[in-house]
Amino acid sequence: LRLGVMISGSGTNLQALIDACSAADYPATIEVVISNRPGVRGLERAEQAGIKAVTIDHKEFEDKETFEDALHECLADHKVDLVCLAGFMRLLTSTFVNRWRDRMINIHPSLLPSYKGLHTHARAIEDGVRFAGCTIHYVRPEMDNGPIIMQAAIPVAVDETEESLIAKTLSYEHKMYPAAVRMIAEGKVRVAGNKVAFKDVDV
Ligand code: GRF
């Protein structure tokens with residue numbers, strides 16, 4: 001499976017995918033990494049791994065449409081089968097999302113459908129929930145919505161801080177993202193209506 005990973009920042013999830021893809025028996029390869037922000041750590045990670053790293057800076061485009069056309073062209077040029085959003089912080093239009101319908105996934109640091117949007121960890125601590133989490137889902141035009149592929153429920157400690165919960169959540173994310181991509185690559189996951197249907201998966 002040919003992956004295109006889209007990032008905006010540090011790229012620790014990208015790193016987890018890079019590490020997974022370096023195993024000979026992993027059924028996916030990263031063909032291109034695209035960042036909408038220049039100079040971020042994630043681009044360095046890609047370069048260090050010998051992966052094509054491209055900056056497509058939204059600020060250099062007249063409007064969203066031309067920015068997204070550039071994203072699309074880059075992904076298509078690299079014959080990407082699956083787009084992995086990994087900390088990509090621009091909202092995508094429904095035009096772009098529909099072009100990649102059922103071929104684009106996202107990782108979000110909450111137990112969706114709770115806590116869509118930003119500052120998920122702080123909001124969960126503020127609400128006193130006992131479980132936080134993270135979710136990998138197919139992307140639909142509405143933000144942080146779409147058929148759920150994989151989730152982890154993460155206990156919130158009594159003395160949890162935003163910082164500690166971010167770190168704890170990331171350690172789950174880094175295990176989950178490569179596992180979800182593997183499931184897709186092995187044909188064990190398909191979209192069925194507003195949910196995912198699984199084949200030969202024990203969960
Ligand atoms: C992660 O928490 C991810 O769930 C969210 O953005 C963050 C990206 O972190 N969508 P990184 O760039 O992968 O380190």
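Keep in mind the model is a prediction, meaning the values are calculated, not measured.

1. A short note on the site of the ligand
Neighbouring the ligand are 15 residues, the closest being Ser10, Thr12, Asn13, Gly87 and Pro109. Put simply, the parts of the chain that give the shell around the ligand at least two residues each are helix 1 (12–21), strand 5 (104–108) and helix 6 (162–185). With three residues, the top contributor of residues to the shell around the ligand is helix 1.

2. Brief notes about the packing of helix 1 against helix 2 (residues 41–48)
The interhelical angle for the contact between helix 1 and helix 2, taken along N-to-C directions, is 15°, at an axis separation of 9 Å. Classified by the angle between their axes, helix 1 and helix 2 sit roughly parallel to one another. Read as a crossing pair, helix 1 and helix 2 show a hand that is right-handed. In contact with Leu14, Gln15 and Ile18 of helix 1, helix 2 contributes Gly42, Arg45 and Ala46.

3. Comments concerning the nonpolar core
Counting residues in each nonpolar core, the largest one holds 46 residues, and the members touching the most others are Val5, Val33, Ala86 and Ala180. Excluding anything up to four places from it in sequence, Val5 contacts Leu14, Leu17, Ile30, Val33, Cys84 and Ala86. Listed in part, the seven residues of the second largest apolar core include Leu111, Tyr115, Ala124 and Leu165.

4. Topic: the UniProt feature "active site" (unreviewed entry) in the protein chain
In the numbering used here, UniProt assigns the feature "active site" (unreviewed entry) to His108. Along the chain, the position of His108 falls in strand 5.

5. Topic: the sheet that holds strand 7 (residues 148–155)
Sheet architecture is open: seven strands sit in the order 3-2-1-4-5-6-7, paired in mixed fashion. Looking at which strands have only one partner, the edges of the open sheet turn out to be strand 3 (53–55) and strand 7. For this sheet, the mean inter-axis angle between neighbouring strands, taken without regard to orientation, is 20°. Where strand 6 (residues 131–138) lies against strand 7, seven bridges are found, and the strand directions are antiparallel. Paired with Phe131 across the strands is Pro155, a residue of strand 7. Sitting on the sheet, helix 1 is in contact with strand 1 (2–7), strand 2 (29–35), strand 4 (82–85) and strand 5, with an inclination near 160° to strand 2. Strand contacts of helix 2: strand 1, strand 2 and strand 3, with the helix running at about 150° to strand 2, the strand carrying the most contacts.

Criteria and thresholds
Residues numbered from 1 in each chain as written. Predicted model: local features only at pLDDT ≥ 70, side-chain atom pairs only at ≥ 80, totals over all residues. Near = placed C-beta within 6 Å. Helix = DSSP H or I, 4+ residues; strand = E, 2+ residues; numbered from the N terminus. Axes fitted to C-alpha atoms, helices over the stretch in contact; angles between N-to-C directions. Parallel < 35°, antiparallel > 145°, perpendicular 65-115°, else oblique. Left-handed = near helix turned anticlockwise from the far one by under 90°. Contact = placed C-beta atoms within 7 Å. Core = buried A, V, L, I, M, F, W, Y, C linked by C-beta atoms within 7 Å. Buried ≥ 20, exposed ≤ 12 C-beta atoms within 10 Å, placed from the backbone. UniProt positions renumbered as here; feature names shortened; annotations may be inferred. Pairing = 2+ DSSP bridges.

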